[in-house]
Amino acid sequence: HGFPPWIMPTDGNLGDKNVQMGKPGHREGATMHVKKYLLKCLHRLQKGPGYTYKELLVWYCDNTNTHGPKRIICEGPKKKAVWFLLTLLFTALVCWQWGIFIRTYLSWEVSVSLSVGFKTMDFPAVTICNASPFKYSKVKHLLKDLDELMEAVLERILAPELSHANATRTLNSSIWNHTPLVLIDERNPYHPMVLDLFGDNHNGLTNSSASEKICNAHGCKMAMRLCSLNGTQCTFRNFTSATQAVTEWYSLQATNIFAQVPQQELVEMSYPGEQMILACLFGAEPCNYRNFTSIFYPHYGNCYIFNWGMTEKALPSANPGTEFGLKLILDIGQEDYVPFLASTAGVRLMLHEQRSYPFIRDEGIYAMSGTETSIGVLVDKLQRMGEPYSPCTVNGSEVPVQNFYSDYNTTYSIQACLRSCFQDHMIRSCKCGHYLYPLPHGEKYCNNRDFPDWAHCYSDLQMSVAQRETCIGMCKESCNDTQYKMTISMADWPSEASEVRQLGAEKGIVKLNIYFQEFNYRTIEESAANNLVWLLSNLGGQFGFWMGGSVLCLIEFGEIIIDFVWITIIKLVALAKSLRQRRAQASYSGPPPTVAELVEAHTNFGFQPDTAPRSPNTGPYPSEQALPIPGTPPPNYDSLRLQPLDVIESDSEGDAI
């Protein structure tokens, strides 16, 4: 029945069962094929190479499709040398050209294409903020001591004589002593003088009158002294003008104050939407402050976003032109501005994509009060290739920076990444977060009461080039971005003869017109300058031009490389085998043992029958037996073969298998 020899059934049922159990499966068959292949490789290694390196090269030159190698073996000695040099030269040229093309391909260069489209577009999100973050009537109690100190500083700078007359005024010295403004006299560069504005001299002068004789605000540099470690380590931040110095100093002190106030209270101190947004019209549809989304922006207080697209679909624009855009009339409440915190009167506005966070301080523009500002919008869409062509990201998931703006549920932007990175460095270095940026959970904002050294730490971090380079290196641009190009025009509004002016609405009122100039949009798209088709065509062109070769020639060259490796492996195995045999022969001091001696060495006489009694003095053999006849080792029959290796290999492999 064709049973395997290892299965001998005793009856029908058992035989069927054994046949069913003995039938090899797919896994056993695969294992047998692997063993067969390994066994053939072992026989090949044991037999040694069938040809030498020289024979392999001659065979390749005689059979290859590449021009040149055939002439090397077919021509005479002189032409053979010439063709060898030409082939070597052209091979070097091909390799050089290939290196250039491969290096160009791996540089991942891009080409930029510009296309113009026409379609109905979504109206951009519009963010508006007041230039003053808070109403002075609501934050006056918080800034009372700081404002009095600011007035004294201005008097000391602008009118030193009047400041002496008001010297008896009581000031909050704790604010001043923590971060004072100083004058630096550098007329003697080898011995600069540091003078406090209120007469505290750090280089030997004891009163303000002495400092006046030496230096005044117009002849000295003004700086802010920032100290840490209880005043033992101080740095000076210089300014080019007194105006800039006092503005930065006041802003820093106000940041310290507002950082200690809960955000909900700050929102209530800012301008409400129903007071700021007087009129709204989108196309032909009226709107009001309820159509705006409110967010708190530390620089500008309450900001309001129109068409943000967070909870509802973005509004499309029906047609280009002023009558199809957004019209706003805003009341900035200029009479209630914070005197020293807001030096500009107007509205800060920004156009951006839906669901993106508005970084209005960096990318916004001002609209003046008492004017009508018209803004015509053109759209540019940027599409980058991404890695490895452009270092950009689609959603920021691979950026190693925690996005502190994720609570707003906005899309990724490089501005959010850079500010999150700075806040992260601030928390690590200063143990607190800056008031102007979002705060991660569990951390606190910096202030003079809880973190006395924060101003010094913040100044060092802000001026650190290494910190900026680190954040720039970790953050990436967004692969898809939309930019809004604005054309701005302004006119006085209302006019002197207007009825609006007669109603007393000319002060602190801003009118805005935002619209699409046209529905044409530009798409700036990146594409690979050198793709794989370009690389293969150039490599093949150079190879065919200089060598007359093709892809088949490369396959032939790969084949000969594999043969070279195989011959080398066989020779190394044969060399290791010969070295092992030599070490085995070197272990014998005398001549090699005979066959009888080898048999005797492997014979256990404890199991031999005692055919005759032996005396204790007898040897291993009975006395009547003769000593073994010396013999010779068996011949190495493999060395006597006369047939070609291939014939012997096929027979022996079949027998072995």
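What counts, and at which threshold
- Residues numbered from 1 in each chain as written.
- Predicted model: local features only at pLDDT ≥ 70, side-chain atom pairs only at ≥ 80, totals over all residues.
- Heavy atoms only, no water.
- Phe/Tyr/Trp six-rings, centres within 6.5 Å; stacked < 30°, edge-to-face > 60°.
- Helix = DSSP H or I, 4+ residues; strand = E, 2+ residues; numbered from the N terminus.
- Buried < 20%, exposed > 50% of the residue type's maximum accessible area, 1.4 Å probe, protein only.
- Lys NZ or Arg CZ within 6 Å of the ring centre and 35° of its normal.
- pLDDT = per-residue confidence, 0-100.
- Contact = heavy atoms within 4.5 Å.

Looking at the packing of aromatic side chains
For any pair of aromatic rings, the description consists of the separation of the ring centres together with the inter-plane angle of the planes.
Here's step 1: In the structure shown here, the tally under the stated rule is 29 aromatic pairs.
Here's step 2: Geometrically, the ring pair formed by Phe292 and Phe306 is tilted, given 5.4 Å between the ring centres and 45° between the ring planes. Within this pair, whereas Phe292 is found in strand β9 (residues 292–297), its partner Phe306 is found in strand β10 (residues 301–306), the two being separated by 14 residues in sequence. The residues Phe292 and Phe306 share a single accessibility class, namely buried.
Here's step 3: A centroid spacing of 6.1 Å and a plane angle of 85° characterise the contact between Phe422 and Tyr458, whose relative ring orientation is edge-to-face. With Phe422 in helix α15 (residues 414–430) and Tyr458 in helix α16 (residues 454–462), this residue pair connects regions lying 36 residues apart in the sequence. Taken individually, Phe422 and Tyr458 each receive the classification buried, so the pair is uniform in this respect.
Here's step 4: Through a chain of ring-to-ring contacts, three or more aromatic side chains come together here, namely Phe118, Phe123, Phe282, Phe292, Phe306, Phe516 and Phe519.
Here's step 5: Against the face of Tyr366 rests Arg348, its NZ or CZ located 4.6 Å from the ring centre.
Here's step 6: Cation over ring: Lys381 sits above Tyr521, and NZ or CZ is 4.7 Å from the ring centre.

Some thoughts on the confidence of the model for the chain
Here's step 1: Residues of the chain with pLDDT of at least 70 account for 78%, and the chain-wide mean is 80.
Here's step 2: Across residues 620–624, where pLDDT falls below 50, the model places five contacts with residues more than four positions away in sequence or in other chains.
Here's step 3: In the model, residues 639–657 has pLDDT below 50 throughout and makes 18 contacts with residues more than four positions away in sequence or in other chains.

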